[in-house]
Structures are given as C-alpha cells and as structure tokens.
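Breakdown of the fold
So the chains spell out like this:
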There are 2 protein chains.
Amino acid sequence: MNHKEIIAYLKQKNLRVTPQRVAIYEAICKLNNHPTAENIISFIQVNHPNISIGTVYKVLDSLVENNLIQKVKTENGSMRYDSHLSKHHHLYCIETEKIEDYEDSELDKLINNYFKKKKIKNFQIKDIKLQITGNFK
Amino acid sequence: MNHKEIIAYLKQKNLRVTPQRVAIYEAICKLNNHPTAENIISFIQVNHPNISIGTVYKVLDSLVENNLIQKVKTENGSMRYDSHLSKHHHLYCIETEKIEDYEDSELDKLINNYFKKKKIKNFQIKDIKLQITGNFK
DNA sequence: CTGCGTGCAAATGGTTTGCACTACG
DNA sequence: CGTAGTGCAAACCATTTGCACGCAG
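First, a word on what this report is: a plain description of the structure on this page. (Residues numbered from 1 in each chain as written. Chains lettered and ligands numbered in written order. Predicted model: local features only at pLDDT ≥ 70, side-chain atom pairs only at ≥ 80, totals over all residues. Heavy atoms only, no water.)

This brings us to the relation of the copies chain A and chain B. Superposition of chain A onto chain B requires a rotation of 180° combined with a translation of 0.0 Å along the rotation axis, giving an RMSD of 0.1 Å. Such a combination of turn and shift is consistent with a two-fold rotation axis. Same-surface contact between copies: 100% of interface residues of chain A are shared with the interface of chain B. (Least-squares fit on C-alpha atoms with pLDDT ≥ 70 in both. Contact = heavy atoms within 4.5 Å.)

Structure (structure tokens):
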C-alpha cells in the first residue's frame, strides 16, 4: 500500500489524516513481520525526527481500535503490531524470536469441524488461534 | 498436594526447602486457575506477612526452571503461573479474563496427524498450543 | 474556529536486580 | 560453615497519562 492509498484508507475509516498517522501506518506495512513499538519508532525517526513515543502509542491504539492493524502479544510481554488482518495463526521461532504469519484454511476447517461435533462444556467458542513454536530451517 | 508432599517433592527436585518456597508452591496449587504473581503474594501474606515481592518472583522463576510449574502470559502482558504440567491448551474468557485449562488428546492427535502429512515449509514444529477465546456459559 | 492530535515529560506497574543478611543442608 | 535463599529498596522498561499547544477539517 503506497502513500496515497494509505491516505485514502484513513479517510475512508473516518480518521483524521496526519503525517504521523500516515508514517506510522506506512511503517507497519513496510516493516513486514510484526514490529514492536520500538521498531516502528526507530524506522519513522529517520524521516520524522521529532515524532514522540507517546504519539506512536496513541496512534497505534487508534489504528487497532479502528481495525487497521492487529496487536500481537509475545512471550516476553512486549506488544507487536501487524497490518495483516485476515484470520491467521503465528509461528514463533524459539531461537530468533521471529514471528511469522501462518494461514491455513484447510487446518481451520479441520478444527472447526472438530468443534462442531465435540463441544466444550460450559464454553462458547468465539475464536481459535494456534501458537506454533519451533525453529525456522 | 499437601504440605508434606510438597516438601518431599522439592527435595526430590534437589531444591532447598524453605518456608517461602513451600508457601509459594502451595499457594499456586490451592489458587487453582493461573494466579498472577500478585494473587500469589496476597494469598501468602496472610500467613507470611514479611515475604518480599522480589523473593516471590525469584522463587517462581526457579520453580519454572525446575519444571514444577509453568508460566503463562496473558493478553495484557502480565504473567500467570500454573501448577498443571501436562500438555494443555487454554480457554480465555473474553468477559471475565478467566483462564481455564483445556486438555483434549483427541484434538492433539488430529492436529499432529495433520502436520505429519502437511509440513510447514522452512519450519520445524516443536509445540502447538491453542488459544481458544470465547465465553463461559 | 473547534476539537482532535501531538509533543513532552512525568507517572505507572509489573518485573528485575544488587547487596547485605539469614538459614538450609 | 559455606552457599543458596531472602528482604529491601532502587532500578528497569514498555507503555500510559496529563496538559498545553498546533493543525486538520
């Protein structure tokens, strides 16, 4: 998604278009693979030296609220952000702490079918996410 | 697991038996359902008024390292502890933030079989955990 | 113009750390 | 007795908040 498209997208979502918002959203798109707030900040500070950390967090929150991005929590507690919106699971690399998206509609179907037959008692399922840990080869 | 058994268990794991350790491990067993460090501290402080927060965290770390308990991270980033060691998944209640264990060897078998056939390219799976979110009825 | 968005700096909160002291084995 | 464990308080670090100013609509 390029600059113009981002601006159009923000407008369409009824968000005020500010240079900071555009930059932050652009950063998340370019920094593929779940950047932390820190990653985003240092990426942006190249072109926006006076953007403030507080602002970044505020913008991230509003992007999450308006469903432009998703928040992913990690093993060590810090948050990561993902511009990839469709339902997906995550691969966690034990060694490098890298996180990658994993989409697999066949697997989703399998699991959904399983829970269609076998309900969990006293619990109504809303969503199922897999955390797959291992190593990239 | 009662007091005596806990002491025996710690010994068997080559851990020094101190009143603090016993109390903390006992607290986690009794406070079924994934207490936070804070939950544990306030539970223990009834009988051990001068136990220190730092100590609790240190003991929790050593119990985790020695495989007496497991660490579970939550949505909001704080850690929870679980004396339940066998492989299991988690049910997250959206409304109450309650976490419950979910064991289902049939499901595990299904998923393992699936990934035996369909490998993820460039990734070697070590473990798979499901986060099932929804509501308790 | 009006109010949302921003920058700054201080506050927060859960967790960690350093160090002198204590007590388990 | 020697060393691992403890208590305390200060440090950490990612994130949040409050407030005055600035800019988008």
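Neighbouring DNA strand D are 19 residues; Y57 of chain A together with T18, Q20, R21 and K58 of chain B lie closest to it. Near-protein atoms of DNA strand D (within 4 Å) split between backbone and bases, with sugar and phosphate holding 71%. Between DNA strand D and the protein, one listed contact pairs a sugar or linking oxygen with a side-chain N or O atom of Q20 of chain B at 2.8 Å. Only α3 (37–45) and α4 (53–65) of chain A together with α2 (19–30) and α4 (53–65) of chain B provide two or more residues apiece to the surface near DNA strand D. Its residues placed into classes, the surface near DNA strand D shows six nonpolar, seven polar and six charged. (Near = heavy atom within 4 Å. Polar contact = N/O pair within 3.5 Å; in protein donor to acceptor, adjacent residues only side chain to side chain. Helix = DSSP H or I, 4+ residues; strand = E, 2+ residues; numbered from the N terminus. Nonpolar A, V, L, I, M, F, W, Y, C, P; charged D, E, K, R; others polar.)

Turning our eyes to something else, we now look at the protein's contact with DNA strand C. Around DNA strand C, a shell composed of 19 residues is seen, among which T18, R21 and K58 of chain A together with V17 and Y57 of chain B lie nearest. Counted by atom, the contact set of DNA strand C within 4 Å of the protein is 69% sugar and phosphate. In this structure, a phosphate oxygen belonging to DNA strand C sits 2.6 Å away from a side-chain N or O atom of T18 of chain A. Between DNA strand C and N50 of chain A, the relevant distance is 3.5 Å, taken from a phosphate oxygen to a main-chain nitrogen or oxygen of the residue. Of all elements in the fold, only α2 (19–30) and α4 of chain A together with α3 (37–45) and α4 of chain B reach the threshold of two or more residues within the surface near DNA strand C. For the surface near DNA strand C, a count of residues per class yields six nonpolar, seven polar and six charged.

Another aspect to go through is the side chain of D108 of chain A. Residues and elements named next belong to chain A. Take D108: it is sitting in helix α5 (residues 105–117). Of the side chains bearing the opposite charge, K87 lies closest to the buried D108, which forms no salt bridge; the N-O distance is 4.5 Å. The contacts of D108, once residues within four sequence positions are left out, are K87 and H89. (Buried < 20%, exposed > 50% of the residue type's maximum accessible area, 1.4 Å probe, protein only. Lys, Arg positive; Asp, Glu negative; His and termini not counted. Salt bridge = Lys/Arg side-chain N within 4 Å of Asp/Glu carboxyl O.)

Moving on, we come to empty space enclosed by the protein. A full pass over the atoms with the stated rule returns three cavities of 30 Å³ or more. Considering only enclosed or pocket space, the largest cavity measures out at about 80 Å³ in volume. Lining of the largest cavity is provided by ten residues; of these, K73 and Q131 of chain A together with K73, Y92 and Q131 of chain B occupy positions nearest its centre. Reported here for the second largest cavity is a volume of approximately 40 Å³. (1 Å grid on protein atoms, 1.4 Å probe; cavity = no way out; pocket = protein on both sides within 12 Å on 5 of 7 lines; lining within 4 Å. Points joined across faces, edges and corners; volume = space filled by probe spheres on them.)

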